[in-house]
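Analysis of the macromolecular model
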Amino acid sequence: MSSAVRMIDIAVNFTDYMFKGIYNGRQCHAADIPAVLARAWSAGVDRIIVTGGSLQESKEALAIAETDGRLFCTVGVHPTRCKEFEESGDPDQHFQALVSLAQEGIQKGKVVAIGECGLDYDRLQFCPAEIQKKYFEKQFELAEAVKLPMFLHMRAAAGDFCDILAQNKERFVSGVAHSFTGSAEDRDRLLSFENLFIGINGCSLKTHDNLDVLRRIPVERMMIETDSPYCEIRSTHAGRQFVKSDWPSKKKEKYDHDSTVKGRNEPCFVRQVLEVVAGSKGIGDLERLSKVLYHNTCRVFFPNDLDTAADALLESGHNVQ
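Throughout this description, residue numbers start from 1 for each chain and increase along the sequence as written. Since the coordinates come from a predicted model, pLDDT governs what is reported: local features require at least 70, and pairs of side-chain atoms require 80 or more to be given and counted, while whole-chain, interface and lining totals use all residues. Values reported for side chains reflect all heavy atoms of the structure, with hydrogen atoms and water molecules removed beforehand.

1. Remarks on helix α8 (residues 208–215)
Along an α-helix, residues three or four apart share an orientation, since each turn contains 3.6 residues. Within α8 the residues assigned to the buried category are N210, L211, V213 and L214. Each buried residue of α8 sits inside an arc of 160° when the element is viewed along its axis, so together they form one side. Of the exposed residues in α8, those oriented more than 90 degrees away from the buried face are H208 and D209. The secondary structure elements touched by the buried residues of α8 are α7 (184–191), β9 (196–200), β10 (222–224) and α9 (270–281). Only protein chains enter the accessibility calculation, which uses a 1.4 Å probe. A residue is then buried if its area is under 20% of the maximum for its type, exposed if over 50%, and partly exposed in between. Helical segments are the DSSP runs of H or I of at least four residues, strand segments are the runs of E of at least two, and each set is numbered from the N terminus. The directions considered for the arc are those from the helix axis to the C-beta atoms. Two residues form a contact once any of their heavy atoms are found within 4.5 Å.

2. Details of the side chain of N201
As for its placement among the helices and strands, N201 is situated in the loop between β9 and α8. In this structure N201 comes out as buried when scored by relative accessible area, which is 0%. What qualifies as a polar contact is a pair of N or O atoms within 3.5 Å, subject to a donor-acceptor requirement within protein and to the restriction that residues adjacent in sequence count only when both atoms come from side chains. Only 2.9 Å separates the side chain of N201 from the backbone nitrogen of C203, close enough to count as a polar contact. Looking at N201, its side chain comes within polar contact range of the side chain of E225, at 3.0 Å.

3. Overview of the nonpolar core
Here the nonpolar core consists of buried residues drawn from Ala, Val, Leu, Ile, Met, Phe, Trp, Tyr and Cys, with membership extended through side-chain atoms lying within 4.5 Å. Judged by nonpolar contacts, the single largest core of 83 residues is most densely connected at F14, I48, F136, F161, L165, L190 and I200. With near-sequence residues (within four places) excluded, L190 lies in contact with M154, F161, C162, A177, F180, L196, I198 and R221. Residues I10, V112, V176 and F197 belong to the second largest nonpolar core, which totals 16 residues.

4. A few points about the packing of α8 against α9
Throughout, an axis means a line fitted to C-alpha atoms (over the contacting stretch in the case of helices), and angles, computed between N-to-C directions, take values from 0 to 180 degrees. Here α8 crosses α9 at 80°, and the two axes come no closer than 9 Å. Classified by the angle between their axes, α8 and α9 sit roughly perpendicular to one another. When α8 is examined against α9, the residues L211, L214 and R215 are found in contact with a partner set consisting of V276, V277, S280 and K281. Partitioned by chemical class, the residues of the contact of α8 with α9 number 4 nonpolar, 1 polar and 2 charged. Angle categories are assigned with fixed cut-offs, so that under 35 degrees is roughly parallel, over 145 is roughly antiparallel, 65 to 115 is roughly perpendicular, and the rest are oblique. Think of it as three bins: nonpolar holds Ala, Val, Leu, Ile, Met, Phe, Trp, Tyr, Cys and Pro, charged holds Asp, Glu, Lys and Arg, and polar takes everything else, Gly as well.

5. Thoughts on the UniProt feature "binding site: a divalent metal cation 2" (unreviewed entry) in the protein
UniProt positions are given in the numbering used here, feature names are shortened, and annotations may be inferred rather than shown by experiment. UniProt's feature table lists "binding site: a divalent metal cation 2" (unreviewed entry) at H153 and H178, given in the numbering used throughout. Spanning 26 residues, the named residues nonetheless gather at one spot, since no C-alpha pair among them exceeds 5.9 Å. Set against the largest pocket, the annotated residues that line it come down to H153 and H178. Here H153 is to be found in strand β7 (residues 150–155). Of the residues examined, H153 reaches a relative accessible area of 4% and is grouped as buried. Buriedness for pockets is judged along seven lines, at least five of which must meet protein on both sides within 12 Å for an open set on the 1 Å grid over protein atoms alone, while cavities are sets there where a 1.4 Å probe fits but cannot get out, and lining residues have an atom within 4 Å of a point.

6. So, the packing of aromatic side chains
Aromatic pairs are defined between Phe, Tyr and Trp rings, using the six-membered ring for Trp, whenever the two ring centres lie within 6.5 Å; interplanar angles under 30 degrees are classed as stacked, those over 60 as edge-to-face, and all others as tilted. One pass over the structure, following the stated rule, counts 7 aromatic pairs. Note on F14 and F19: the rings are 4.9 Å apart at their centroids and 75° apart in plane angle, and the pair reads as edge-to-face. The class for F14 is buried, based on a relative accessible area of 1%. Judged by its relative accessible area of 1%, F19 falls in the buried class. Through a chain of ring-to-ring contacts, three or more aromatic side chains come together here, namely F136, F140, F161 and F172. We call a charge positioned over a ring when the NZ of a Lys or the CZ of an Arg lies within 6 Å of the ring centre and within 35 degrees of the ring normal. Sitting above the plane of the F72 ring, K110 keeps its charged end 5.0 Å from the centroid.

7. Focus: the UniProt feature "binding site: a divalent metal cation 1" (unreviewed entry) in the protein
UniProt records the feature "binding site: a divalent metal cation 1" (unreviewed entry) for E116 and D227 in the present numbering. Of the residues just listed, which span 112 residues, no C-alpha pair is farther apart than 11.4 Å, and they cluster in one region. Put simply, the named residues that line the largest pocket are E116 and D227. Counting through the fold element by element, E116 comes out in strand β6 (residues 111–120). Its relative accessible area of 5% is what places E116 among the buried residues. If we skip the residues at most four places from it in the chain, E116 touches T51, G52, T74, G76, V77, H78, P79, F151, H153 and H178. In this fold, D227 is placed in the loop between β10 and β11 (249–250). Each residue touching D227, except ones within four places of it in the same chain, is listed here: D9, A11, N13, H178, S179 and N201. There is a polar contact of 3.0 Å between the side chain of D227 and the side chain of N13.

8. Things to note about the pattern of salt bridges
A side-chain nitrogen of Lys or Arg and a carboxyl oxygen of Asp or Glu constitute a salt bridge if their distance falls within 4 Å. Tallying each qualifying case throughout the model produces 24 salt bridges. Between D160 and K133 there is a salt bridge; the shortest N-O distance is 3.7 Å. In this pair, D160 sits in helix α6 (residues 158–167) while K133 sits in helix α5 (residues 129–146), placing the two residues 27 residues apart along the sequence. We classify D160 as partly exposed; its relative accessible area is 28%. Its relative accessible area of 23% is what places K133 among the partly exposed residues. With a shortest N-O distance of 3.2 Å, K138 and E141 are connected by a salt bridge. Here E141 and K138 lie together in helix α5, a separation of 3 residues that amounts to about one turn. A relative accessible area of 22% means that K138 is categorised as partly exposed. If you follow the salt bridges from partner to partner, you end up with D32, R39, R264 and E266 in one network.

So, in structure tokens, the structure goes:
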């Protein structure tokens, strides 16, 4: 692996049971985050943002982030979990608990965004649209209170999502719409918000239509991620033709800590996302592309630690080719 390629994976669900070795309620192997991290660092991943999707999950994400200097996290409530505000019995107290957790994590230098929040109309069985909208809006209040960027989720809901974003655009500094799988129209609506970036992972690269949409996202407005343990790039995906890096894998029942688990995505595979972005956009210089994407991510989530090499590259005025 080339150490010259530097990457930040902006979305890893390390709180998921798969990273504890549990699949569909069955323990298949021991928890293995240290082995997963070792592969990520050797692949050129520099930092990882651990995703929080509920109050409890955000607490777990912060605890995980505290185990390594290169790990960071988000605090927020995923659209499919927004019923937790009302099921808590006191929505205002639940909100204040999120504020307190975010403030604690900021003091520890670990919480870098509010989220994962947004709208998901593909999975209304978990939470009705009206409740999703109510607490999506509420979380702008959280971002405003702690002055952090937003880590956003938009699935089959571009109209309402962009309307709410427009109504609250003064309340957040910047953000990323992660795991983007939308249409060309959805892409253009997101790009109309100057402080918004688009997060690309394996789910963004499944079809030839997806790749067509990707080609018109400027690299200066893009970030890359795995959203692991989900959203792997599969052999049937249109983007797979551009993948150059691979790792040995074994079925979960035959677990080996030196191999990836077949069917479980993990942060080292963010390099494959980088390769597909480069291949589909016809970019030959993988190192330069990685620096631009790295710089984008630092601008939003690590503004006090911008990568000087990436800065110098961008200031030189050379486009990524």
